[in-house]
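Summary of structural features
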4 protein chains.
Amino acid sequence: MKRIAILTSGGDAPGMNAATRAVVRKAIYEGLEVYGINYGFLGLVNGDIRKLELGSVGDLLHRGGTFLYSARYPEFATEEGQLKGIEQLKKHQIDGLVVIGGDGSYHGAEALTKRGFPTIGIPGTIDNDISGTDFTIGFDTALNTVLDALDKIRDTATSHERTFIIEVMGRDAGDIALWSGLAGGAEAIIVPEESFNMDDVVDRLNKGRERGKKHSIIVVAEGVMSGNEFAKQLAEYGDYHARVTVLGHVQRGGSPTAFDRVLASRLGARSVELLLENRGGLAVGIRENRIVENNIGEILKEKHTLDQKLFDLASILSI
Amino acid sequence: MKRIAILTSGGDAPGMNAATRAVVRKAIYEGLEVYGINYGFLGLVNGDIRKLELGSVGDLLHRGGTFLYSARYPEFATEEGQLKGIEQLKKHQIDGLVVIGGDGSYHGAEALTKRGFPTIGIPGTIDNDISGTDFTIGFDTALNTVLDALDKIRDTATSHERTFIIEVMGRDAGDIALWSGLAGGAEAIIVPEESFNMDDVVDRLNKGRERGKKHSIIVVAEGVMSGNEFAKQLAEYGDYHARVTVLGHVQRGGSPTAFDRVLASRLGARSVELLLENRGGLAVGIRENRIVENNIGEILKEKHTLDQKLFDLASILSI
Amino acid sequence: MKRIAILTSGGDAPGMNAATRAVVRKAIYEGLEVYGINYGFLGLVNGDIRKLELGSVGDLLHRGGTFLYSARYPEFATEEGQLKGIEQLKKHQIDGLVVIGGDGSYHGAEALTKRGFPTIGIPGTIDNDISGTDFTIGFDTALNTVLDALDKIRDTATSHERTFIIEVMGRDAGDIALWSGLAGGAEAIIVPEESFNMDDVVDRLNKGRERGKKHSIIVVAEGVMSGNEFAKQLAEYGDYHARVTVLGHVQRGGSPTAFDRVLASRLGARSVELLLENRGGLAVGIRENRIVENNIGEILKEKHTLDQKLFDLASILSI
Amino acid sequence: MKRIAILTSGGDAPGMNAATRAVVRKAIYEGLEVYGINYGFLGLVNGDIRKLELGSVGDLLHRGGTFLYSARYPEFATEEGQLKGIEQLKKHQIDGLVVIGGDGSYHGAEALTKRGFPTIGIPGTIDNDISGTDFTIGFDTALNTVLDALDKIRDTATSHERTFIIEVMGRDAGDIALWSGLAGGAEAIIVPEESFNMDDVVDRLNKGRERGKKHSIIVVAEGVMSGNEFAKQLAEYGDYHARVTVLGHVQRGGSPTAFDRVLASRLGARSVELLLENRGGLAVGIRENRIVENNIGEILKEKHTLDQKLFDLASILSI
């Protein structure tokens, strides 16, 4: 292994730059050359590849987004795409690849490895929905962004509009909703993994009011329904004039938190170690507070699950 | 003048607490007693009144919201409401009143003064839509909240979803949209005061793309239409998959900025000086960087206007 | 167990309120009554005790500091102090106690338990220097505060003053320095656990300059020496005009991060469960991403150690 | 006027990039070509000059520091330096220059104009110590940075260490200390423009304690003395264990606030208008909430003064 490359793929997440920096610096420290691929697998296929030096990743650690740009490129699932990708890598005499992203990136990394090109996956997505790691890069930053919004809503104290709904990201995974809702003291947290009953929600809101709460906050993961839809349904249960906040892509931005930067740095460095051992088809992660690696194929079979105990705790603490 | 009271009314705004603190401390410094009225004019009519000391407003300067609570109470427009209010004030031997809020609060302040009870208005609203002052308390904080969201959206760099729409507060006034859009480099700013043409918007977006812009941001004041509605209309003009962020009441929260706290402190102190001179029916404000007071009746006749030059500047700078 | 109490002790840390809220709400949920003790062990001895309700801990989750106030009270190490404390607890018919703080609090908790009064310790300190837990409540928030300062320093780009020194908290433990330095890309991290050599530091700075770095940042834990002293020593090695930032107690403040709030919530709830099982003399913590409890006596014997691998990683990545 | 150039000089300030962006975009909008000069007057003399396009200033509006780099270069005060500078400008066929910075930059701008090269000054410094403008670019951002530190210190509630000292920037001007102290509710504000008496300070602290204040905060401008020196002097007056925070260059960093970005945008655009009218030797500024320009020579004679009324207000409100 003399030359490795790195790309970021899928939805961008804060900390991707920190991970890229770690890959580049660790690799150069180990005597490798490093190449950056722009626009994910799309750029790989198109040969949008350039050499990275120590200084190429300077002043990047604290930047949101990804300076390598990201792209969704479903065509990489085809044999043709993968072969073209490997051709480009070989043309640049690259021997190993690091891919930062979510499930799609992992599929690409597994496919490349199966075709003989060792590739490592790093979990980078705000959704925290990837198996094989307790936390994904970007999740902690997104959480704190949502939390900041929750705290600000808590500040307002008008008496008429008492119920606030915040729609947060999470199509299949409720982690952002659950953690931000717990941290922000939301009265109800609606996630894709748990069915809910509007009667119960209304019951909780009413109980809160009875004991003097000035306002109630409901966090809804977009995967369940939109914030507006939730407000409409809630309105049918009484004279609720719920105000809706939809954070959208704001959740993807921001300077990464300390946690995300440290996690990204550790995972980036570990990826390089694995490539140096000529191992591929692995995804790095943090499990039980330790940096680990797992077979990507097995990870893709696992399903990320919600922490049920945490969900129950959130309910107990917001009474 | 031996005893004055203070209330906050209408939608709450960051800095209301700072203004209340200034009124209380300045008044006590001048030898007055101060009473706080909870829930605005509603609390006034109901006699929800308590004495405030120096320490009552300690640790409040940096808190969002209003610890006196706010309420909308249209009934105060009636003679009956106003007479009841004055009765309560007299019962507590209060000689002057300070009201923090928007237009509604000003109407109340004017009515009370006309009935012989000297009342001063302080402009507290995030919308910056009150005449007689260049800036209202809370506007600067709201601006920076919107700006933070704009900056975060700017961080994301995916290549597919290029257009972002942020719906911000402002039913009749576009100041939040204009200032945040200018400060955040938005490609288009849609405000109630200026008609717009979807063709022009699309034209701007296309030009930006042609010269290599990765994404475009459009700020829409809620008074024009909702962010979702705007996205729908935009979609009819091409294959735009605009992502929508609706900040909602998040804009009302947060610890007030330095600017808002200093402004609130100065306006609060000035209000007390006016009451000490036994003057009422005035609204304090900042004009041309000087603390001023104006006749409320005249202010209510004036219409807040958008700064046309600033609007044009925003357009020039985001090309 | 029908009635429990809670106090916060030692230096305050962001998230103490979140932990207190969790103890109160979980306990009430389980049918217990809860009392709050002001000013730590000092207030315990003095009987500064009041009942807490669900609403007593409302609107607290996001507040820094501790609404129960904290105090250092070394006199609680004496038999007299402890007996007086137990007397007060019995007077209020309290059967169990939760103590949030650092080492000193743990000693108190152990002593009370040995005298027959079951007491649980929760690790609350920004220093992350308590054994039995991978993270203490407040550490993550303090980290992000330091990081924000590091990022801001990174923004400045004057050419003359190239070296910046940030003195951070940590008398015996270098965790704040190490994690913030790694996350902030500091060129050198000086911690109490690792000896350092000024020649090596200077060497690193020079290498950075040679490859074009505009400025260098050195993070120094206060336990090694003050930032000013470090600057003085550095100046003897060349024409360095290092600028010093001393964050001081700023590191103790701020609204707790999501991580700290979730950790505090989990640890608070777990404490109540342990008391319900009539167990005392234990400290709760998070280890390997799981909520655990350990015998306090054993924890106090263990020494918190620096993560050597992380320290080395920081050095590799900031080349 | 067909071609203009821009440079940033002296200590950098948040918002310098926003001003540069405004100059570039406004100039291109008006049909001009724009050149950027790196490292201030030093780069001018050395010919470190490159063409800027619309896209050169993309993604810069929210960045702290200055992407043109800044430098102090006292040698530009000499005839030789100025002639060399003009030579370089002529070599690049540049007809007008915009200089962003403080007093030093203004001297340079005046000298160039006197030698026949029209140059405009934009006030960019966090100190707010330049005449001819009510606010300088960067002041508002620095203020909010200091305020954030003040708020965080306010969160801590230990009972032993009650007095906190924050040393802030300001060698000759106390504006940062005054505004942040007023906005943060500091018990004492020590500025270069006002003599102070340690007896009075101690008296204020004691009075605060008597009425129940948990802690006191003193803001000291570095121009009066260092925070450490102040703590030492204070200690001689009693058993004060004041904790010192020295923010240092942290105050220079950070993403500019909305206020600073809007101000920078307006001043940048106005500079271009003046050059288009072939006017030089002027400094733009904001006075009485209006964009103005003043003769630099006259401005340099004026002395920035502290707002005495604001200083007195701060004292009244923090009782």
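Residues numbered from 1 in each chain as written. Chains lettered and ligands numbered in written order. Predicted model: local features only at pLDDT ≥ 70, side-chain atom pairs only at ≥ 80, totals over all residues. Heavy atoms only, no water.

So, about the overall build of chain A. Helix and strand content of chain A: 11 helices and 11 strands. Computed over its C-alpha atoms, the radius of gyration of chain A comes to 22 Å, within 12% of the 20 Å expected for a compact globule of 319 residues. Overall size of chain A, expressed as C-alpha extent along the three principal axes, is 70 × 35 × 35 Å. For chain A, the share of sequence-separated contacts (at least 6 apart) that also reach a separation of at least 24 residues comes to 74%. As presented, chain A carries roughly 10800 Å² of accessible surface, and 44% of it is formed by carbon and sulfur atoms. Measuring between centres, the 36 positive side-chain charges of chain A sit 4 Å from its 44 negative side-chain charges. (Helix = DSSP H or I, 4+ residues; strand = E, 2+ residues; numbered from the N terminus. Rg over C-alpha atoms; globule rule 2.2 N^0.38 Å. Contact = heavy atoms within 4.5 Å. Areas by Shrake-Rupley, 256 points an atom, 1.4 Å probe, with all protein chains shown as cover. Lys, Arg positive; Asp, Glu negative; His and termini not counted. Charge placed at Lys NZ, Arg CZ, Asp CG, Glu CD.)

Right, let's talk about the side chain of Arg 21 of chain C for a bit. Mapped onto the fold, Arg 21 of chain C is located in helix 1 (residues 16–29). In this structure, Arg 21 of chain C is buried with no salt-bridge partner, the nearest side chain bearing the opposite charge being Glu 187 of chain A at 6.7 Å. Excluding residues within four positions of it along the chain, Arg 21 of chain C makes contact with Gly 185, Leu 317 and Ser 318 of chain A together with Val 57 and Leu 61 of chain C. (Buried < 20%, exposed > 50% of the residue type's maximum accessible area, 1.4 Å probe, protein only. Salt bridge = Lys/Arg side-chain N within 4 Å of Asp/Glu carboxyl O.)

Our next topic: the relation of the copies chain C and chain A. It takes a turn of 180° to lay chain C on chain A, together with a shift of 0.0 Å along the axis; the resulting RMSD is 0.0 Å. What the superposition gives is, in effect, a two-fold axis relating one chain to the other. Judged by C-alpha distance, Glu 288 of chain C is the residue of chain C that lies nearest the rotation axis, at 1.8 Å. Of all interface residues in chain C, 98% are interface residues in chain A too; the two copies therefore contact each other through one and the same surface. (Least-squares fit on C-alpha atoms with pLDDT ≥ 70 in both.)

Bringing the domain arrangement of chain A into the picture now. Residue and element names in this part refer to chain A. Domains assigned within chain A are domain 1 (1–136 + 255–298) and domain 2 (138–251). Counting residues at the interface gives 14 residues for domain 1, matched by 13 residues for domain 2. Summing both partners gives a buried area of about 1000 Å² for domain 1 against domain 2, and 61% of it is carried by carbon and sulfur. Per-residue buried area on domain 1 facing domain 2 is highest for Ile 126, Asp 127 and Asn 128; these three make up 46% of the total on that side. If you look at where domain 1 meets domain 2, you find zero salt bridges. (Domains from an automatic or database assignment. Buried area = accessible area lost by both parts, 1.4 Å probe.)

Contacts between chain A and chain B engage 39 residues on the former and 39 residues on the latter. Taken over both partners, the interface formed by chain A and chain B buries close to 2900 Å², and the fraction arising from carbon and sulfur atoms is 56%. Ranking the residues of chain A by area buried against chain B places Lys 152, His 249 and Val 250 of chain A at the top, with a combined share of 20%. Taken together, the links from chain A to chain B amount to zero salt bridges. Counting across the chain A and chain B interface gives five residue pairs in polar contact (both at pLDDT 80 or more). (Polar contact = N/O pair within 3.5 Å; in protein donor to acceptor, adjacent residues only side chain to side chain.)

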